[in-house]
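Structure assessment
For reference, the chains in residue letters:
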Amino acid sequence: MSFSIAFATSATSTPMGQQVYEEELIARAQTVLGPTAKVTRTIARSLRSELPGTVRLPAWLTARAPTSIRRMAGAALYRGADVVHRMGLGMPPAHVPEVITVHDTIAWRFDDESRPEPFVAAELRRAAAVITPSQSSADDIAELFAPPHVQVIPNGVDIRFYDAPALPDASLRGLGITGPFVLHMGGASRRKNLEGLAEAWKTISHARPDVSLVLCGPDHPRRTDLFARLPRTVLVGRLAADLIPGLAAAASVVVVPSLYEGFGLPALEAMAVGTPVVAARTSSLPEVIQDGGTLVDPTPDGIAEGVVWALTGDSVINQQVSRGRARAVKFTWERSAAAHAEVWRAAAAEGR
């Protein structure tokens, strides 16, 4: 089946999980669709942005313009496309069948996240398909917006995480890390529950004075304020992507205490490298981890108890690691891209 698909994304200065999803899928789109498909990409940036992109859009157009104006902009942006996959909700809608990815409903739950887009409900209801990475997110999207088509397609894990060797001691020392450590990877917004982790660390550090806490993620005043004065904490900042698998492999435990996750990629990445995972029993995390990690209440006591137990090296923890590794290998970007391709083809057929 021959058709043209346009991917619509937004430029950002701090790529996170959403941008990983975009890059991994778009890189595989031509392969999974075959040579008869035409694949293009629109990367929108603001009028004054110095980020790389293909088009400049004024902020008012993506944030608060009337639907009629947004649709006119979309018609111009995606000219010639038979299908448009909007990977960012702020991108203008298209006149042709659309696939829209909604990773989660965080913006509607936490006021320190990005501003909720006011036009989402109507645009999701007219989409050919809505894609989300977990059943938990699908249920949340259905509850808030009631779109007719929500399909769950899990994310993948970067192949570099599978059996990644631990960073050597010299590299760890260069980051300020010595001895065994617990690792937290990700952002510092309120849903990440760093307050709970900070309180838990007071208990963990008392029980295990030989262990450090390493926090990896973009600089953020909340993280600094919470952890800079706590014992044996190391804030390594945002690291190059090629260092993360080895850092996770070197950790004694990866902790994911989030109050809400749309998927929970750091937990899956830890499972892939064979590091014990302690994660909150919230949102999508139980669905993704299942029996491949330790699930706890997202309270200081719950987090502390889970991490201290995981640090014991109990045989049950070793069994969880084996199950987690076996589960993680099922989450590949190739499998995710193939599932997306079926949605893209169905949307193209709908438009004919």
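Below is a short write-up of the structure. Worth saying up front: this structure is predicted, and the values here are computed from it rather than measured.

1. Here's the deal with the sheet that holds strand β5 (residues 98-101)
An order of β3-β2-β1-β4-β5-β6-β7 is seen for the seven strands of this open sheet, with the pairing classed as parallel. Single-partner strands in this sheet number two, and they are β3 (55-56) and β7 (150-152). Pairing geometry for strand β2 (residues 38-45) and β3, over two bridges, is parallel. Paired with Ala-44 across the bridge in β3 is Val-55. Across the sheet, helix α1 (residues 17-33) is in contact with β1 (4-10), β2, β4 (83-86), β5 and β6 (129-132); its angle to β2 comes to roughly 160 degrees. Running at roughly 170 degrees to β7, helix α5 (residues 135-145) makes contact with β6 and β7 of the sheet.

2. Things to note about the packing of helix α7 (residues 194-207) against helix α12 (residues 300-310)
Contact pair α7 / α12: the axes reach a minimum separation of 8 Å and the direction vectors enclose 45 degrees. One finds that α7 runs oblique with respect to α12. The handedness of the crossing between α7 and α12 is right-handed. Of the residues in α12, those touching α7 at Gly-196, Leu-197, Glu-199, Ala-200, Thr-203, Ile-204 and Ala-207 are Pro-300, Ile-303, Ala-304, Val-307 and Val-308. Residues that form the contact of α7 with α12 fall into these classes: nine nonpolar, two polar and one charged.

3. Details of the packing of aromatic side chains
A full pass over the atoms with the stated rule returns five aromatic pairs. When the centroid spacing of 5.2 Å and the interplanar angle of 80 degrees are considered together, the rings of Phe-7 and Trp-344 count as edge-to-face. Placement of the pair is Phe-7 in strand β1 and Trp-344 in helix α14 (residues 333-350), with a sequence separation of 337 residues. Residue class for Phe-7 comes out buried when judged on its relative accessible area of 0%. On the basis of relative accessible area, Trp-344 is assigned to the buried category, the value being 0%. Between Arg-70 and the ring centre of Phe-119, over which it is positioned, the NZ or CZ distance is 3.5 Å.

4. Overview of α14
Because an α-helix completes one turn every 3.6 residues, residues spaced three or four positions apart along the sequence face the same direction. Spanning 18 residues, α14 covers 26 Å between terminal C-alpha atoms, matching the ideal 26 Å at 1.5 Å per step. Listed in full, the buried residues belonging to α14 are Trp-333, Ser-336, Ala-337, His-340, Ala-341, Val-343, Trp-344, Ala-347 and Ala-348.

5. Here we look at the pairing of strand β10 (residues 233-237)
With four of its five residues buried, β10 lies for the most part within the structure. Pairing geometry for strand β9 (residues 212-216) and β10, over four bridges, is parallel. Each bridged residue has a counterpart across the sheet, and for Val-214 the counterpart in β10 is Val-234. Taken together, β9, helix α8 (residues 221-227) and β10 form a β-α-β motif whose crossover is right-handed.

6. Re the environment of Arg-345
Here Arg-345 lies in helix α14. Judged by its relative accessible area of 25%, Arg-345 is partly exposed. Once the C-alpha coordinates of Arg-345 and Thr-299 are considered, the two residues, 46 residues apart in sequence, prove to be 45 Å apart. If we ignore the near neighbours within four places in the chain, the residues touching Arg-345 are Met-1, Phe-3, Val-32 and Leu-33.

7. What to know about a nonpolar patch on the surface
There is a patch of nonpolar side chains on the surface, built from Trp-60, Ile-69 and Met-72 and spanning about 310 Å² of accessible area. Here Trp-60 is to be found in helix α2 (residues 59-63). Trp-60 sits in the partly exposed class, given a relative accessible area of 41%.

Thresholds, definitions, all that
Residues numbered from 1 in each chain as written. Predicted model: local features only at pLDDT ≥ 70, side-chain atom pairs only at ≥ 80, totals over all residues. Heavy atoms only, no water. Pairing = 2+ DSSP bridges. Helix = DSSP H or I, 4+ residues; strand = E, 2+ residues; numbered from the N terminus. Contact = heavy atoms within 4.5 Å. Axes fitted to C-alpha atoms, helices over the stretch in contact; angles between N-to-C directions. Parallel < 35°, antiparallel > 145°, perpendicular 65-115°, else oblique. Left-handed = near helix turned anticlockwise from the far one by under 90°. Nonpolar A, V, L, I, M, F, W, Y, C, P; charged D, E, K, R; others polar. Phe/Tyr/Trp six-rings, centres within 6.5 Å; stacked < 30°, edge-to-face > 60°. Buried < 20%, exposed > 50% of the residue type's maximum accessible area, 1.4 Å probe, protein only. Lys NZ or Arg CZ within 6 Å of the ring centre and 35° of its normal. Expected span 1.5 Å × (residues − 1). Right-handed = clockwise from strand over helix to strand, strands pointing away. Patch = residues over 30% accessible without salt bridge, like charges linked within 9 Å, V, L, I, M, F, W, Y side chains within 5 Å. Areas by Shrake-Rupley, 256 points an atom, 1.4 Å probe, with all protein chains shown as cover. Salt bridge = Lys/Arg side-chain N within 4 Å of Asp/Glu carboxyl O.

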